[in-house]
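Structural overview
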Amino acid sequence: MNKVILLIDSNAEGAAWTRVNLWKKGLDQQNIKNEIIYFNKVDSDTFLSKVFYFFYQVIRLILMPKNTSFIGYFPLKGFILNLLKKKDLIIEQNEFPIHLRDPSTKFREDYSYHSFASKFISCSDELLTFFKSSLSDKCKTLKVSTVVEYAKFSQSDLQSPFLGKKYIVYCGYMGGNKDGVKDLITAFSLFAKTNKSVDLCLIGSAQTEEIIKFEKQLAENNISDRVLMTGTLPHKQIPPYLLNAELLVLARPNNKQAQGGFPSKLPEYLSSGTPILVTKVGEIPYYIKDGINGYLTDPSDPVMLSEKFEYILKNYKKAEKVGKRGQILAKNEFDLKIQTERLISFLKK
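Residues numbered from 1 in each chain as written. Predicted model: local features only at pLDDT ≥ 70, side-chain atom pairs only at ≥ 80, totals over all residues. Heavy atoms only, no water.

Turning our eyes to something else, we now look at the environment of Leu 305. Of note, Leu 305 is situated in helix α13 (residues 302-314). Note: C-alpha distance between Leu 305 and Met 229 (76 residues apart in sequence) is 20 Å. If we skip the residues at most four places from it in the chain, Leu 305 touches Asp 183, Leu 184, Ala 187, Val 249, Ala 251, Leu 277 and Thr 297. (Helix = DSSP H or I, 4+ residues; strand = E, 2+ residues; numbered from the N terminus. Contact = heavy atoms within 4.5 Å.)

Another aspect to go through is a positive patch on the surface. A cluster of basic residues, Lys 317, Lys 318, Lys 321 and Arg 325, forms a positive patch at the surface. Mapping Arg 325 onto the fold places it in helix α14 (residues 316-334). Assessed through its relative accessible area of 37%, Arg 325 is described here as partly exposed. (Patch = residues over 30% accessible without salt bridge, like charges linked within 9 Å, V, L, I, M, F, W, Y side chains within 5 Å. Areas by Shrake-Rupley, 256 points an atom, 1.4 Å probe, with all protein chains shown as cover. Salt bridge = Lys/Arg side-chain N within 4 Å of Asp/Glu carboxyl O. Lys, Arg positive; Asp, Glu negative; His and termini not counted. Charge placed at Lys NZ, Arg CZ, Asp CG, Glu CD. Buried < 20%, exposed > 50% of the residue type's maximum accessible area, 1.4 Å probe, protein only.)

This paragraph deals with unusual backbone geometry. Positioned with a positive phi, Asn 177 is a non-glycine residue whose angle comes to about 55°. Within the secondary structure, Asn 177 is located in the loop between β7 (166-171) and α7 (181-192). By relative accessible area, Asn 177 is classed as partly exposed at 40%. Non-glycine residue Asn 222 carries a positive phi angle of around 55°.

Time to look at the pairing of strand β1 (residues 3-10). Both faces of the sheet carry side chains from a regular strand, because those side chains alternate between them. Taken across its 8 residues, β1 has 6 buried, putting it largely inside the fold. Where β1 lies against strand β3 (residues 68-73), 5 bridges are found, and the strand directions are parallel. Each residue of the ladder has a partner; that of Lys 3, found in β3, is Thr 68. Sheet topology places β1 next to strand β2 (residues 34-40); 6 bridges connect them, and they run parallel. Its bridge partner being in β2, Val 4 is matched across the sheet by Asn 34. (Pairing = 2+ DSSP bridges.)

With that settled, consider the sheet that holds β7. Sheet architecture is open: 6 strands sit in the order β9-β8-β7-β10-β11-β12, paired in parallel fashion. In the strand order of this sheet, the two ends are held by β9 (227-231) and β12 (295-297), each with one partner. Within the sheet, the average angular offset between the axes of one strand and its neighbour, ignoring direction, is 25°. Where β7 lies against strand β10 (residues 247-250), 2 bridges are found, and the strand directions are parallel. Across the sheet, Val 169 pairs through a bridge with Leu 248, a residue of β10. Taken strand by strand, α7 contacts β7, β8 (198-203), β9 and β10, and its axis lies near 170° from that of β8. (Axes fitted to C-alpha atoms, helices over the stretch in contact; angles between N-to-C directions.)

Okay, the sheet that holds strand β6 (residues 140-143) next. Here we have 6 strands laid out as an open sheet, ordered β2-β1-β3-β4-β5-β6, and parallel in their pairing. What marks the edges here is a single partner per strand, and that holds for β2 and β6. Across the sheet, the axes of successive neighbouring strands diverge by a mean angle of 20°, strand direction being ignored. Two strands pair when backbone bridges link them, and strand β4 (residues 88-92) and strand β5 (residues 119-122) are joined in this way by 3 bridges, in the parallel orientation. Residue pairing in the sheet places Ile 90 in a bridge with Lys 119 of β5. Docked against the sheet, helix α1 (residues 15-29) engages β1, β2, β3 and β4, running at close to 165° with respect to β1. Across the face of the sheet, helix α2 (residues 47-62) comes into contact with β1, β2 and β3 while running at roughly 140° to β2.

What the rule picks out here adds up to 16 salt bridges. For Lys 265, the salt bridge identified is with Asp 179, shortest N-O distance 3.0 Å. Of the two residues, Lys 265 is situated in helix α11 (residues 265-271) and Asp 179 in the loop between β7 and α7; the sequence distance between them amounts to 86 residues. Each of the two residues, Lys 265 as well as Asp 179, counts as buried. A single salt-bridge network, built from bridges that share partners, covers Lys 178, Asp 179, Arg 252 and Lys 265.

Here it is, written out as structure tokens:
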């Protein structure tokens, strides 16, 4: 293994881009030569510059030495991966095909290129099992549920963005019912009827029509003045919000995406040491034990979610201890150094 090339479709910010950059940072720390190559430069000025950049990267890919290892992060164009057919190709895929996540779509991905991958990485047993039939018999597999830069999210001296206020935080993409934001708002509206001292902060974006629906829901429940929607924030600005919150919440519904995926925000939540409340979906209960290192609630049940808010905040000394045990979990299980060492060992097999 002379060098590791991390391949991703574009440099658009999001969970995929964050994960690839974490891999790069981890490999840098372990003194492994590496580079990120992406094919769609979203900040290019013109269409022609985008086309030129794309073909420039393709040519570079073709000319890479044979002893280079390539980690292709889904979604990548199949023909790009075909260029690596006879090279050391590792495919990382952390979601079900789009037609299973969104039955309304007619689009079908082509997974024929999986057959010539030497290794395959995914975030859950569910996905490893699902994609097994598309892999060769010789293909080795590795589960990496998630990766976090623990030191970045566990800082203890970050000033609260809401001085003097208590608040609950959700952070992530708010659209498509991926994280159950509608249920979260309903739960908070119930909680807010009796609790006047803790507000809600929603960090993230969605399509304009969905944001309008959320704002309407807030107005109908008379909690617009109790809920702050920050929009998307740069990743580096998020730690103070998590560290200084009373509670961090994730209300994922039990859908196909949750069954296969693993929320990248969960280890960030845990690393802060702030108590977390998450729904019992996918592999989350494998790691989070209710009342031990976090709190669990049923998916799509706003009443139970609201009751959990009340219970946690009324028993906050216990909750703080639960949050600290969650922080230990993040450090021991999900930290970048630990996961990168696992990745390097896997690449060398």
